[in-house]
Amino acid sequence: MLSILGDPRPGVGLGADGLGLPDILWCSVDSGLGNGTASTLSPFSIAQYPITHTQFKAFFDASDGYQDDKWWNGLGFGKQLWKNTAEALNAPADNIAWVNAMAFCRWLNSKSEMTASVDTSLPIRRDNYEIRLPTESEWMLAATGNCADYEYPWGANWISTCANSRETALQRSISVGLFPDGAAPCGALDMVGNTWEWCLNDPENAPQLDASGTERRLLCGGSYLDAPNNLQCSSRLRQHTISRNNISSFRIAYAVSLPVA
């Protein structure tokens with residue numbers, strides 16, 4: 001119903017400036033937080049929500065977006081078909097292949113570089129930072145806040161009201177951000193449950209971040225189909241970069257540039 005009525009929440013749809021670009025709410029991730037071993041990662045920000053159906057559709061519909069093959073240059077596989085399976089426009093974009101998530105990031109990053117109004121929505125601008133998929137280590141740090149005892153974004157123990165899981169019995173993905181009690185320490189929502197999220201790399205199979213390779217990549221966080229033991233922050237799936245289904249989605253990071261292509 002929230003989607004049908006028009007979801008007014010910031011970070012869920014498009015910007016109010018009329019440019020037709022995704023409106024992203026950024027959560028700063030402090031590598032010094034928590035009670036774990038100090039992280040060596042550079043500071044970064046992560047989107048509060050997964051990229052929604054509306055936001056990915058903006059890329060799909062843009063004249064210089066999905067139809068422009070240049071966003072897939074250098075990737076091991078080219079453009080993959082996208083057709084969202086969830087009707088709600090404020091639910092996570094699904095049926096997302098890793099290569100299409102990469103293309104979206106490249107497109108949005110180019111817009112942020114060219115458009116001053118988009119720059120103002122980013123965290124402090126750094127010359128060597130870009131919009132991209134989070135690495136597996138960055139995703140984990142954002143999900144746990146570097147708290148060694150956090151099995152879930154909210155703490156050590158499972159709480160059924162903190163995520164859209166098998167226990168909710170909804171049997172589908174739902175609008176982003178409807179489980180505020182499940183917020184990660186940085187403020188990001190839906191880090192576990194609802195849909196799985198692509199990461200930039202798989203430390204086991206693609207440690208060099210070679211985007212031209214065809215190695216499997218990681219998805220993190222579990223989905224509405226999963227039981228609590230598969231919704232821990234450490235839960236992982238390894239899939240081919242062209243794999244896609246109704247539980248594969250992604251969220252973006254604003255982080256140091258990496259030699260991925």
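Right above here is the structure, for reference.
So, a few notes on the structure that sits alongside this text. All values derive from a computational prediction rather than experimental measurement.

The rules we used
- Every chain is numbered independently, its residues counted from 1 as its sequence is written.
- At least 70 in pLDDT is required for a residue's local features to be given in this predicted model, at least 80 for side-chain atom pairs to be given and counted, and no such filter applies to totals for whole chains, interfaces and linings, which use all residues.
- To get the side-chain values, take all heavy atoms of the structure and skip hydrogens and water.
- Patch definition: residues with relative accessible area over 30% and no salt bridge; like charges joined within 9 Å; nonpolar side chains (Val, Leu, Ile, Met, Phe, Trp, Tyr) joined within 5 Å.
- Surface accessibility follows the Shrake-Rupley procedure with a 1.4 Å probe radius. Residue values consider only the protein chains on display as shielding.
- One side-chain nitrogen of Lys or Arg within 4 Å of one carboxyl oxygen of Asp or Glu is enough to make a salt bridge.
- In DSSP terms, a helix is any run of H or I states spanning at least four residues, a strand is any run of E spanning at least two, and both are numbered starting from the N terminus.
- When a residue's accessible area, from a 1.4 Å probe over protein chains only, is under 20% of the maximum for its type it is buried; when over 50% it is exposed; and in between it is partly exposed.
- The definition of a nonpolar core used throughout is a set of buried Ala, Val, Leu, Ile, Met, Phe, Trp, Tyr and Cys residues joined through side-chain atoms within 4.5 Å.
- Should any heavy atoms of two residues lie within 4.5 Å, those residues are considered in contact.
- Paired strands, in this sense, are two strands between which DSSP finds at least two bridges.
- Note on geometry: axes are C-alpha line fits, over the in-contact stretch for helices, and angles between N-to-C directions span 0 to 180 degrees.
- Here a pair means two rings of Phe, Tyr or Trp (six-membered ring of Trp) with centres within 6.5 Å. Their orientation is stacked below 30 degrees between planes, edge-to-face above 60, and tilted elsewhere.
- In this scheme, Lys NZ or Arg CZ marks a charge over a ring once it lies within 6 Å of the ring centre and within 35 degrees of the ring normal.

Let's talk about a nonpolar patch on the surface
- A surface patch of nonpolar side chains, about 430 Å² in accessible area, is lined by M1, I4 and L5.
- By the secondary structure assignment, I4 is in helix α1 (residues 2-5).
- On the basis of relative accessibility, which here comes to 68%, the residue I4 falls in the exposed class.

Points about the nonpolar core
- The biggest cluster of nonpolar side chains holds 41 residues, and the ones touching the most others in it are F56, F59, W98, F104, W107, F250 and I252.
- Counting only elements with at least two residues in this core, the list comes to α2 (53-61), α3 (98-114), β3 (129-132), β4 (196-198) and β8 (253-256).
- Sort the elements by how many residues they give to this core and α3 lands first, with nine residues.
- Filtering out sequence-adjacent residues up to four positions away, F104 remains in contact with P22, I51, Q55, F56, F59, F250 and I252.
- Judged by nonpolar contacts, the second largest core, of 23 residues, contains V29, A163, V192 and A255.

A closer look at the environment of L237
- Inspection of the secondary structure puts L237 in strand β6 (residues 236-239).
- By relative accessible area, which is 30% here, L237 ends up partly exposed.
- Separated by 17 residues in the primary sequence, L237 and C220 place their C-alpha atoms 6.6 Å from one another.
- Residues contacting L237, with those up to four places away along its chain left out, are W196, R217, L218 and L219.

What about the sheet that holds β8?
- Across the sheet, which stays open at both edges, the four strands sit in the order β1-β2-β8-β3 with antiparallel pairing between neighbours. One side of each edge strand has no neighbouring strand; the edge strands of this open sheet are β1 (26-29) and β3. Averaged over neighbouring strand pairs, the angle between their axes works out to 30° when direction is ignored.
- When β1 meets strand β2 (residues 44-47), the two strands line up antiparallel, connected through four bridges. Looking at β2, one finds that V29 is bridged to F44.
- Contacting β1, β2, β3 and β8, helix α5 (residues 136-144) runs over the sheet at an angle of about 75° to β2.

Thoughts on the pattern of salt bridges
- Applying the stated criterion across every chain yields a total of 11 salt bridges.
- E197 is paired through a salt bridge with R251; the nearest N and O atoms lie 2.8 Å apart. Of the two residues, E197 sits in strand β4 while R251 sits in the loop between β7 (248-249) and β8, which places them 54 residues apart along the sequence. Take E197 and R251: they sit in the same class, and that class is buried.
- One continuous salt-bridge network, built from bridges that share partners, spans D202, E204 and R238.

Brief notes about the sheet that holds β6
- An order of β6-β5-β4-β7 is seen for the four strands of this open sheet, with the pairing classed as mixed. Looking at strand neighbours, the two that pair on one side only are β6 and β7, the edges of this open sheet.
- Pairing geometry for strand β5 (residues 217-220) and β6, over four bridges, is antiparallel. For C220, the partnering residue across the bridge sits in β6 and is R236.
- Its contacts with the sheet put α5 on β4, β5 and β6, and the angle it makes with β6 is roughly 155°.

A few points about the packing of aromatic side chains
- With the rule as written, the count across this model stands at 18 aromatic pairs.
- When the centroid spacing of 5.6 Å and the interplanar angle of 90° are considered together, the rings of Y66 and W72 count as edge-to-face.
- Take Y66: its relative accessible area is 8%, and that puts it in the buried class.
- Taking the relative accessible area as the measure of exposure, W72 reaches 5% and is therefore buried.
- Here F104 and F250 contribute two aromatic rings whose centre-to-centre distance is 5.4 Å and whose plane-to-plane angle is 75°, an arrangement assigned as edge-to-face. Within this pair, whereas F104 is found in helix α3, its partner F250 is found in the loop between β7 and β8, the two being separated by 146 residues in sequence. Take F104 and F250: they sit in the same class, and that class is buried.
- Clustering of aromatic rings is evident, with ring pairs tying together F56, F59, F60, Y66, W72, W82, F104, W107 and F250.
- The positively charged end of R9 is found above the aromatic ring belonging to Y49, 5.8 Å away from the centroid.

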